[in-house]
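Structural overview
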Amino acid sequence: MKRARNKSVILGGVLIGGLLFVAAFAPFIAGDPYHMDMSQRLLPPGPGHPLGTDQFGRDLWARLVFGSRVSLQVGIVSVGIACTLGTALGLLAGYAGGWVDAVIMRLVDIFLAFPVILLAIALIAVLGPSPVNLMIAIGLVNWTMYARVVRANVLALKHREFVEAARALGLRDRAIMLKHVLPNTLSPIIVLATLGLGHAIVAESTLSFLGLGVQPPEPSWGWTLAFGMKYLRDAPHLSTMPGMAIMLTVLGFNLLGDGIRDMIDPRTRNRA
Amino acid sequence: MLGYIAKRTALILPVVLGVCVIVFVLIHLIPGDPAMVMLGQDASPEEVARLRSAMGLDRPLAVQLGSFLLRLAHGDLGVSIFQGEPVSRLVLKQLPATCELAVASMLIAVLIAVPLGVISAVKQHSLVDVASMGFAQLGVSMPVFWLGVLLILNFSLRWGLLPSVGRGKPFLEGLAVLLRTGDYLPLADSLRHLTMPALTLGLTTAALITRMVRSSMLEVLHQDYVRTARAKGAPERAVIYRHALRNALLPVVTIVGMQFGALLGGAVVTETVFAWPGIGRLAITAISQRDFPLVQGCVLVVALVFSLLNLAVDVSYTLIDPRVRHGIAQRQ
Amino acid sequence: MRKNKLVLATALVLVLVTMAGCRGSSSGPSAPASEPRQELRVGLDVDAGTADPRLARDTSARRVVDLVFNGLVWLDPELKPQPALATSWRQIDPTTWEFTLREGVKFHDGSELTAEDVKYTYDTLLDPAFKAPYRSLYAPIKEVIALDKYHVRFVLSQPYAPLLSYLDMGIVPRAAAQAAGDSFGTKPIGTGPFKLVKWEKNNRIEFEAFPDYWGGVPKLEKVTFLIIPDNTVRAAALEAGDVDLIHSPLSAQDIPRLQANPKLKVEKTNALGFTYVSFNCADPILKDVRVRRALAHLIDKKTISSTIYQGMDTPGKSPLVPAMWAYSDEIKDPEYDPARAREFLAQAGWKDTDGDGVLDRGGKKLTISLKTHSEDPNRIQVVEFLQNEFRKAGIEATVETTEWPTFRDAVQKGDYQLAVLGWLALVDPDRAMYNQFHSRGASNDGKYSNPRVDELLEKGRATTDIEERKKIYREAAQIVVDEVAYAVILYQGYVVAYNQKVSGFQIHPNASFASLARVTIK
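Predicted model only: the values in this text are computed from it and were never measured. Position labels on residues start from 1 in each chain and follow its written sequence. To read the labels, note that chains go from A and ligands from 1, taken in the order they are written. Totals for whole chains, interfaces and linings use every residue, but because this is a predicted model, local features are given only for residues with pLDDT of at least 70 and side-chain atom pairs only at 80 or more, for both listing and counting. Just so you know, side-chain values use all the structure's heavy atoms and leave hydrogens and water out.

1. A closer look at the interface of chain B and chain C
Listed as interface residues are 60 residues of chain B and, on the opposing side, 57 residues of chain C. As a working definition, buried area equals the accessible area (1.4 Å probe) given up by two parts on being put together, with both sides summed. Together chain B and chain C conceal approximately 5100 Å² of surface at their shared face, both sides included; 64% is due to carbon and sulfur atoms. Broken down residue by residue, the surface that chain B buries against chain C is led by M36, Q41 and D42 of chain B, which jointly contribute 15%. The rule for a salt bridge is simple: a side-chain nitrogen of Lys or Arg has to be within 4 Å of a carboxyl oxygen of Asp or Glu. Between chain B and chain C we count three salt bridges in total. Between E47 of chain B and R135 of chain C there is a salt bridge; the shortest N-O distance is 4.0 Å. In what follows, residue pairs with any heavy atoms lying within 4.5 Å of each other are defined as contacts.

Here it is as structure tokens:
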């Protein structure tokens, strides 16, 4: 049991570690991702271009290597936004209860009932097309999960001895929430966030397909994949490569998230 | 029980109202408006401005919102700016196609996910477990549009098995013909068109549900009553199917309900790839034309269906699960 | 790749299971094999917004109108007006035209076409409350008078040479249109070869042959438009035999493959449109004609045409496109020449003084933003390509792609520097230049202004002699090219690809489907 779980964490860790390495040392392992050469367009993988070239003759390997930065950025920032917003509102709702809880939970329901993609499209259209706005839109669409989980946890913790004790000691509500309640809800948040990173990266590619992704010439995976679809029949590497990159990254995050969940979740830990 | 249903139903109202207000404000904040789209590239800014004021789009946003909500209170969703037909009629015309797709994909998802999840939980760490979890991980990590186009290229183009795009006869219509006359062709036509889009959506959903089923099943398998059943010498098969499965599927029902709602609104990309005439494409077209009433109508109907579905799930949940019925466990 | 196959394999199993129940259906509808069914399935990129010819604004709506309606005239592939619902016409004086209608023409509802219907069509078209998108093209019509049942007179407020080219507008039956009101757009009644019988929004539009068509009963019994938004998927549907005919917009890279397919026929012609960069002449940087010239010298039209468009669209020079009678290849445009561009920029004061590779003037870097709309992947690639060229020349170029209404809104408000977009359906040079370059033109987004151009464009409208008009428009075109109001990147091509079993289709530069009335299935 432990072994298998460790395996998934290890595999996930290796994948994500590799990704972080590639992102950090991009300039040392690949050439210029922006250099166009129209006489070298749509080359299949081969010498000089290990993954081939794209429709502008740019080196696909370089595009993907530098694209890892974009994907990571999109993932981390949008999850950061969703996580911060969701956790704050979830804490507030769970701890304050009463009408505050009611209002926040209705807000959660509203966002849940809203068709996700349409909301993202509308938000990007309103905010304008920029990488930051894209991340804000993905973040704003996904915060509800965090709010629900955190609130449920807070409700369960609220009447536990250590919280009651803190209150009896006369600690202020804010201090109780931040110092005592929040740390105890961290583990599910970490799991959600890890899974959410993969989710955000897929979301970026979907929005790219709808023409709303990161602006060119940024080497985003989603954009490369969405554009590669148009050359699917003649230059399949152009969609397969970024597609694989996305799949492996999401796989890495998911394995990591599942593994962490099993390690820190007491119910699963005590099992077997 | 009735009180609970009434209370939950009453909560739908503010949610739907909230959705309406948000979508109204958002869509009106987007640059570009229907007057400009309608008159096209040839119109001068003055002409556009004239039409804009004729359409009442130059009034303060709050006033427009007020009149929208007032009409909504009378059950009037307005008239589509570009199609000249009542929004309610347009949306209801497209809703069955989306529902058909959502039901079919959910069916595929459940048919794959439940057996896969159960087997991989029962045979934890076996090859089956690893393989099905691998499938589940891949399912969530593959962008839908990529999967969809790959399916079309292989099943339609390479092997010529299925029609590439579009919707055939409505499923229910095909079924009715079969039952009335025994002619199976309309139903077959419907199924042949439905297969690929439903698979595309179904596989990604299946991936999510498989993981749910597996973890929920694992949890149940380690609970006291299952251990007791085992200790009492009940056959493994009976333990799994009679005792564990039923309880393990309870949380899955909630996820299925939520996912179903997500399918209704989230089928936009699948509908675009497969040229499926559903509500997602209606909404996308409406956004791209800035057809305000139609966008509002689409979102409102999806939100309403989603809320009602979740209500139904919650109520059925209460009926099935004695713990919830007696208010012991709290739903998250 | 192996994982990819795993997913596909799972999918395969499922499909086989699902298909077990309906296996027979592919060969099921066993029509007699001797006579091919006279049915044509056409794949279109977007659904038609309306079927009302007066309100048609998108290309699909115009294709619907091609089948359901006729105008007073029709434009042949050389764009010469030919008799349609009008059998003859004459110009009584510079501002008066008189048309004689064909007798005994039936609308789909059985009523007969009269001069009142013509009058009604143009009266409504000209009524601002009717919101017709092309109203401005007809604005010089002062009055339409029904003289008797078969004679109608157009009175103009000023001489207007392009008039005849625009009178292919479909004629609607007054009684039926008035009775239907707004719903006429979904249940149209015209005089055309096909009746619209069923319209499932965003899915399909079905037509049936109109047996009383004045031009003879069409051979095709049924025409179906299938709406398939994705270009790649639409081409795949043609190859798989799920549709019989598709046409532009197509992905350029799909065309060589379609051409190589022995089951398919691909035809190309010059279209009545061009793709251009609009320069905002009111912008503080671009106000300087030398900067505009410099940027124009950085546009490698040949490479854009041969790579991004695979030769489907050809390198452009001026707003007068090759399919137009006013076309001339003697017009000189700024050629791709980065060295000249640097010279022009230096003359305008833009030099790299601090050695960072970016040109500057007075301590400010030269930054240019390029905009286009996200619906057209080719234009996105053009913008991306241009950005790279600009950067190589030391210009800090940024790209912004947004969906059409947002983009159009910004351009119309003058909130842009360079924007890539296009014009379509330019049946007359006036249509390609007056609104665009006249200082009071309705679509003069870049606020370009030159008194000589204004004068020429006014004169072009008022002159009827075609040789005289050619000279006028060529002069005006040379001026706007020299002063870089637009940089015309491409002359658009029009491509149709269809199954070999379709016979009799005639390609038309304006993408018209009128020839479907004579198409047969072999």
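Moving on from the coordinates now.
2. A look at unusual backbone geometry
Each neighbour pair has its own omega, and for P216 of chain A with P217 of chain A the value is 5°, a cis peptide bond. Put simply, DSSP H or I for four residues or longer makes a helix, DSSP E for two residues or longer makes a strand, and each gets a number counted from the N terminus. Along the chain, the position of P217 of chain A falls in the loop between α8 (173-209) and α9 (221-228). Even without being glycine, K131 of chain C reaches a positive phi, approximately 60°. Within the secondary structure layout, K131 of chain C lies in the loop between α3 (115-126) and α4 (135-138). Its identity as a non-glycine residue notwithstanding, V484 of chain C has a phi of 50°, on the positive side. Of note, V484 of chain C is situated in the loop between α16 (466-482) and β19 (486-499). Judged by its relative accessible area of 1%, V484 of chain C falls in the buried class. The classification of residues rests on relative accessible area computed with a 1.4 Å probe and restricted to protein chains. Under 20% of the type maximum is buried, over 50% is exposed, and intermediate values are partly exposed.

3. With respect to the interface of chain C and chain A
Contacts between the two partners involve 25 residues from chain C, matched on the other side by 26 residues from chain A. Counting each side, the surface lost to burial between chain C and chain A is near 2400 Å², with a carbon and sulfur contribution of 57%. Per-residue buried area on chain C facing chain A is highest for Q253, Q381 and E384 of chain C; these three make up 24% of the total on that side. Any pair of nitrogen or oxygen atoms within 3.5 Å is treated as a polar contact; in protein, a donor-acceptor pairing is required on top of that, and neighbouring residues in sequence qualify only through side-chain atoms on both sides. Where chain C meets chain A, there are six residue pairs in polar contact (both at pLDDT 80 or more). Of all elements in the fold, only α7 (231-239), α10 (301-308), α12 (377-392) and β17 (396-402) of chain C reach the threshold of two or more residues within the side of chain C that touches chain A. Counting residues per element, the side of chain C that touches chain A draws most heavily on α12 of chain C, at seven residues.

4. Side note on the sheet that holds strand β4 (residues 86-93) of chain C
Residues and elements named next belong to chain C. The strand order β4-β5-β7-β6 describes an open sheet built from four strands, whose pairing is antiparallel. At either end of the open sheet lies a strand with only one pairing partner, and these are β4 and β6 (141-148). In this sheet, adjacent strand axes meet at a mean angle of 20° when their direction is disregarded. Strand contacts of α3: β5 (96-101), β6 and β7 (151-156), with the helix running at about 165° to β6, the strand carrying the most contacts. Strand pairing is assigned whenever DSSP detects at least two bridges linking the two strands. Lines fitted to C-alpha atoms define the axes here, with helix axes fitted over just the stretch in contact, and angles between the N-to-C directions of these axes take values from 0 to 180 degrees.

5. Focus on the environment of Q55 of chain A
Note that Q55 of chain A resides in the loop between α2 (26-29) and α3 (60-96). On the basis of relative accessibility, which here comes to 5%, the residue Q55 of chain A falls in the buried class. The spatial distance from the C-alpha of Q55 of chain A to the C-alpha of R41 of chain A is 5.1 Å, given a sequence separation of 14 residues. If we skip the residues at most four places from it in the chain, Q55 of chain A touches M38, R41, L42, F227, Y231 and L238 of chain A together with Q381 of chain C.

6. Quick word on the environment of T121 of chain C
Residues and elements named next belong to chain C. Within the secondary structure, T121 is located in helix α3. Look at T121 and you get buried, because its relative accessible area is 0%. C-alpha of T121 to C-alpha of A177: the two residues are 56 residues apart in sequence and 9.3 Å apart in space. Sequence-distant contacts of T121, that is, excluding residues within four places in its chain, are made with R54, M169, G170, I171 and V172. From its side chain, T121 meets the backbone oxygen of D117 in a polar contact 2.8 Å long. A polar side-chain atom of T121 sits 3.1 Å from the main-chain amide nitrogen of V172.

7. Concerning the state of the cysteines
Residue and element names in this part refer to chain B. Here, the term disulfide refers to a pair of cysteine sulfur atoms separated by no more than 2.5 Å. With the rule as written, the count across this model stands at zero disulfides over all chains. Among the cysteines around C99, which has no disulfide bond, C298 carries the closest sulfur, lying 13 Å off. Here C298 is not disulfide-linked; the sulfur of C20 is the nearest cysteine sulfur, at 12 Å. In this structure C298 comes out as buried when scored by relative accessible area, which is 1%.

8. Notes on helix α13 (residues 279-289) of chain B
Residue and element names in this part refer to chain B. The buried fraction of α13 amounts to eight of the 11 residues, a majority that puts the element mostly inside the structure. Along α13, the residues classified as buried are I279, G280, R281, L282, A283, A286, I287 and Q289. Phi turns positive one or two residues past the end of α13, at R290, with a value near 60°.

9. Let's talk about the nonpolar core
If you look at the biggest cluster of nonpolar residues, it comprises 227 residues, and the most contacted ones within it are L295 and I304 of chain C. Per-element tally for this core: the top contributor is helix α5 (residues 87-122) of chain B, with 16 residues. Once you skip the residues sitting within four places of it in the chain, L295 of chain C turns out to touch F279, L286, I368, F390, I395 and L418 of chain C. With 112 residues, the next largest nonpolar core counts L72, L156, I331 and A476 of chain C among its residues. Nonpolar core, defined: a set of buried Ala, Val, Leu, Ile, Met, Phe, Trp, Tyr and Cys residues in which side-chain atoms within 4.5 Å join the residues together.

10. Section: the domain arrangement of chain C
Residue and element names in this part refer to chain C. Here the limits of each domain have been adopted from an automatic or database domain assignment. Along its sequence, chain C is carved into domain 1 (70-183) and domain 2 (273-493). Placing the centre of domain 1 and that of domain 2 at their C-alpha centroids yields a distance of 35 Å. At the junction of the two partners, domain 1 supplies 13 residues and domain 2 supplies 12 residues. When the two sides are added together, the surface that domain 1 and domain 2 hide from each other amounts to roughly 1100 Å², 58% of it contributed by carbon and sulfur. Of all residues in domain 1, the largest losses of buried area upon contact with domain 2 belong to L79, A161 and Y166, amounting jointly to 38% of the total for that side. Inspection of the domain 1/domain 2 interface yields zero salt bridges. For the pair domain 1 and domain 2, the number of links is one residue pair in polar contact (both at pLDDT 80 or more).

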